[in-house]
2 protein chains.
Amino acid sequence: MESLIKLLNQGIKDYNIATKGYQTAEQQKYLMNLGGKRVRPLLALMSCEMFGKDPAAALPAALAVEVFHNFSLVHDDIMDQAPMRRGKETVHQKWNSATAILTGDVMLVNAYQLLQQLDSDVCKSAMELFSTAAVQVCDGQMLDMGFENKSHVSIQEYLDMITLKTAVLLGCSLKLGAIVAQAPPTFANHLYHFGVKLGISFQLQDDILDVYAKGDAFGKQIGGDILSNKKTFLLISALENATGEEKKLLDFWLRHPNPDPAEKVEIITSLYNKLGIHQQAKTMMENYYTDAMDLLAAVEVSTDAKKPLYSLAGKLLHREN
Amino acid sequence: MESLIKLLNQGIKDYNIATKGYQTAEQQKYLMNLGGKRVRPLLALMSCEMFGKDPAAALPAALAVEVFHNFSLVHDDIMDQAPMRRGKETVHQKWNSATAILTGDVMLVNAYQLLQQLDSDVCKSAMELFSTAAVQVCDGQMLDMGFENKSHVSIQEYLDMITLKTAVLLGCSLKLGAIVAQAPPTFANHLYHFGVKLGISFQLQDDILDVYAKGDAFGKQIGGDILSNKKTFLLISALENATGEEKKLLDFWLRHPNPDPAEKVEIITSLYNKLGIHQQAKTMMENYYTDAMDLLAAVEVSTDAKKPLYSLAGKLLHREN
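Thresholds, definitions, all that
- Each residue is numbered by its place in its chain's sequence as written, counting from 1.
- Just so you know, chain letters begin at A and ligand numbers begin at 1, following the order they were written in.
- With pLDDT at 70 or above as the cut-off, local features in this predicted model cover only qualifying residues; side-chain atom pairs require 80 or more to be listed or tallied, and sums for whole chains, interfaces and linings still use all residues.
- The side-chain quantities take in all heavy atoms of the structure and omit both hydrogens and water.
- In plain words, nonpolar cores are sets of buried Ala, Val, Leu, Ile, Met, Phe, Trp, Tyr and Cys residues tied together by side-chain atoms within 4.5 Å.
- A 1.4 Å probe rolled over the protein chains alone gives each residue an accessible area, and that area as a share of the maximum for its type sets the label: buried under 20%, exposed over 50%, partly exposed in between.
- Contact definition: two residues touch when any of their heavy atoms are within 4.5 Å.
- Strands here are runs of E lasting at least two residues and helices are runs of H or I lasting at least four, both read from the DSSP assignment and numbered beginning at the N terminus.
- In this comparison the copies share one frame, found by least squares on the C-alpha atoms of residues holding pLDDT of at least 70 in both.
- Throughout, the accessible surface (probe 1.4 Å) given up by two parts as they are put together, summed over both, is called the buried area.
- What makes a salt bridge here is a side-chain nitrogen of Lys or Arg within 4 Å of a carboxyl oxygen of Asp or Glu, nothing more.
- Polar contact is defined as a pair of N or O atoms within 3.5 Å, subject to the rule that within protein one atom must be able to donate a hydrogen and the other to accept it, and that residues adjacent in sequence are counted only when both atoms are side-chain atoms.
- Residues were grouped as follows: Ala, Val, Leu, Ile, Met, Phe, Trp, Tyr, Cys and Pro as nonpolar; Asp, Glu, Lys and Arg as charged; and all remaining residues, including Gly, as polar.
- Centres within 6.5 Å are what make two rings of Phe, Tyr or Trp a pair, Trp counting through its six-membered ring; a difference in plane orientation under 30 degrees is then read as stacked, over 60 as edge-to-face, and the rest as tilted.
- Geometrically, a lysine NZ or arginine CZ counts as sitting over a ring once it is within 6 Å of the ring centre and also within 35 degrees of the ring normal.
- In this analysis, axes come from line fits to C-alpha atoms, helices being fitted only over the stretch in contact, and the angle between any two N-to-C directions falls in the range 0 to 180 degrees.
- If an angle is under 35 degrees, it is roughly parallel; if it is over 145, roughly antiparallel; if it lies from 65 to 115, roughly perpendicular; otherwise it is oblique.
- What makes a crossing left-handed is the near helix being turned counterclockwise from the far one by less than a right angle; a clockwise turn instead makes it right-handed.

**Thoughts on the nonpolar core**
So, step 1. Core analysis: the biggest nonpolar cluster contains 242 residues, and Leu 191, Phe 194 and Tyr 272 of chain A together with Leu 191, Phe 194 and Tyr 272 of chain B have the highest contact counts within it.
So, step 2. Once residues within four sequence positions are removed from consideration, Tyr 272 of chain B is found in contact with Val 211, Tyr 212, Ile 226, Leu 234, Leu 235, Ala 238, Ile 277 and His 278 of chain B.

In structure tokens, the structure reads:
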């Protein structure tokens, strides 16, 4: 793990050097250095190493997904008018929207330039996989925005949306590493679906933590999703399960033009508790996590070789394996 | 020419079908059907055919540059807050900025997906060329926006900017066709620089026509650049050449918070005339055009094979060859 992080950090430094001449170099570097867990590139490197190949061979792919992820963040932040990201000003806030659009555009091109560095025998399939995922991520963001104006969103629609917006890029990262390692296609696909299930599980956890996080562990304001009426798994489940007085209460607070924030969070949370939403979400999250683990188990390499992936998955889902 | 347009139109139809499932399909189709001269994809097809190769082989590359061009238009229009494009509402105006950002993002990915369809022996170099041009186009837009807040822009800075923002994509289109045809690298590079010079010449013509167009030929409001104080070749030259009273007059009208539009256009135009700016711009445009023609002449294929390119270049620069 340490050596992979070192490899990755060096790759990011090299990327910042390679893009130094661009008009958006400052913003690109700012984004790349905001930090974050670097989950996606680590998944790519781990997956490659797992099949006995030098993880350095997957570095261009790992950097490509990290650069792509930052492209999607900088554009999403404009669309969501988010002022902050990881405790710092967003690019459109610190500079302006036009600069943020172009920064993202250049980074999307850069992601392809990184993929072009892969060995020619794996480059084509890596690019095809990546392009499919890239369109899906944009589709997911479009769906997510559409939910705001939709009166009814089903649980299935929600799961489809987070699959596109969040989960496929984790699957893509893992499969890219497997492609570089020229792993058997069955195992590469297992890893893809492992990543997708893990990603859904992770997003469900995120929804749960918005309401039920303890103390500082979450790093965001508790109840932010509740205050913005965000259609998370919890709210969608509540809307599907509430009837009678509970339905009325829920609708009242969702439509309240000027609620007391603490009161709204408290009332919606206790409604979730009454309706058993917390447990329902946890069960769903567990199911996806278990499915993910089954898929990883089905990849026929030594248990030792899978350790880093088990460990990263555990950390992501706040478990220690 | 007719057969190339037919080939291209079919390609655009197929593109619209292939992207039908996307969340941004409607906007993508709207953009692709706004029309325009389709200069870039035609250049790619013509350049391929010129070397005796079936132009259909270059269709994915031709479509890639057209899709990329539309990506850059939809994002530029957001940045420039342009309400109209080719007589129709822009995407961000008709829908919203978030949708327009995502439409562009998906189209940039699509451009790469189209390039991935090229034969594997030319795909890699086509992608490298394309990626370089793509970053340059974004850099050019960034520079152009920066000019608005810059007190002094030199003619060289202006030429560098239009080279990036407009000209390199024409060069890239032509070279892509040559790469697909596996033309000798020297000729492929001649065509690249032919495209770049042609593009600069075309942009200078655009600057001139804003002020000196006759009647309906231009299709835009005369003096639009003057009214918005846009740093075109004409204004930059005027700022460099004006002294004394003329300088004072120019500064007065540039700083006038609420000028009468017709009066401002008239006064600035007569100032351009006094300073010989019209002639200066025409000479510059002619020089780039001549350089372009020399480069095309140096490509060793039959004159007959070059005819379509000569003809398209002539039409672009309002000449009949």
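Alright, that's what it looks like, and here's the rest.
**Details of unusual backbone geometry**
Residue and element names in this part refer to chain B.
So, step 1. Residues other than glycine seldom take positive phi values, yet Arg 86 does so here, at roughly 50°.
So, step 2. Structurally, Arg 86 can be placed in the loop between β1 (84–85) and β2 (88–89).
So, step 3. Residue Gln 182 is not a glycine yet carries a positive backbone phi of 50°.
So, step 4. Summarising the element assignment, Gln 182 is placed in the loop between α8 (155–180) and α9 (185–212).

**Points about the relation of the copies chain B and chain A**
Put simply, the second copy of the chain is the first one after a rotation about an axis and a shift along it.
So, step 1. Turning chain B through 180° and shifting it by 0.0 Å along the axis lays it on chain A, with an RMSD of 0.0 Å. Taken together, the rotation angle and the small translation identify this as a two-fold axis.
So, step 2. Mapped onto chain A, 100% of the interface residues of chain B are again interface residues, and the two copies thus contact each other with one and the same surface.

**Quick look at the interface of chain B and chain A**
So, step 1. Contacts between the two partners involve 34 residues from chain B and, on the opposite side, 35 residues from chain A.
So, step 2. Overall, the association of chain B and chain A removes approximately 3,000 Å² of surface from exposure, summing both partners, and the carbon and sulfur fraction of that is 74%.
So, step 3. Of all residues in chain B, Gln 23, Gln 116 and Met 142 of chain B give up the largest surface area on contact with chain A, accounting jointly for 20% of the area buried on that side.
So, step 4. There are zero salt bridges connecting chain B and chain A.
So, step 5. Linking chain B to chain A there are eight residue pairs in polar contact (both at pLDDT 80 or more).
So, step 6. Of all the secondary-structure elements, those providing two or more residues to the side of chain B that touches chain A are α4 (59–79), α6 (97–115) and α7 (120–148) of chain B.
So, step 7. Of the residues forming the side of chain B that touches chain A, the biggest block, 13 residues, is contributed by α7 of chain B.
So, step 8. Considered class by class, the residues forming the side of chain B that touches chain A number 19 nonpolar, eleven polar and four charged.

**Here's the deal with the packing of aromatic side chains**
So, step 1. Applying the stated criterion across every chain, the model contains eleven aromatic pairs over all chains.
So, step 2. Seen in terms of ring centroids, Tyr 112 of chain A and Tyr 112 of chain B are 3.8 Å apart; in terms of plane orientation they differ by 0°. Their pairing is stacked. One end of the pair, Tyr 112 of chain A, is in helix α6 (residues 97–115); the other, Tyr 112 of chain B, is in helix α6, on a second chain. Grouping residues by exposure puts Tyr 112 of chain A and Tyr 112 of chain B together as buried.
So, step 3. Summarising the aromatic geometry, the rings of Phe 252 of chain A and Trp 253 of chain A are spaced 5.4 Å apart at their centres and angled 90° between planes, so their arrangement reads as edge-to-face.
So, step 4. Its relative accessible area of 47% is what places Phe 252 of chain A among the partly exposed residues.
So, step 5. Look at Trp 253 of chain A and you get buried, because its relative accessible area is 6%.
So, step 6. Directly above the aromatic system of Trp 95 of chain A lies the positively charged group of Lys 94 of chain A, at a separation of 5.4 Å from the ring centroid.

**Concerning the packing of helix α1 (residues 2–18) of chain B against α4 of chain B**
All names here are of chain B.
So, step 1. Orientation of α1 relative to α4, taken along the N-to-C sense of each, is 70°, at an axis distance of 10 Å. By the angle between their axes, α1 is roughly perpendicular relative to α4. For the pair α1 and α4, the crossing hand works out as right-handed. Contact residues: Leu 7, Leu 8, Gly 11, Ile 12 and Tyr 15 in α1; Leu 59, Ala 62, Leu 63 and Val 67 in α4.
So, step 2. Taken together, the residues of the contact of α1 with α4 sort by class into eight nonpolar, one polar and no charged.

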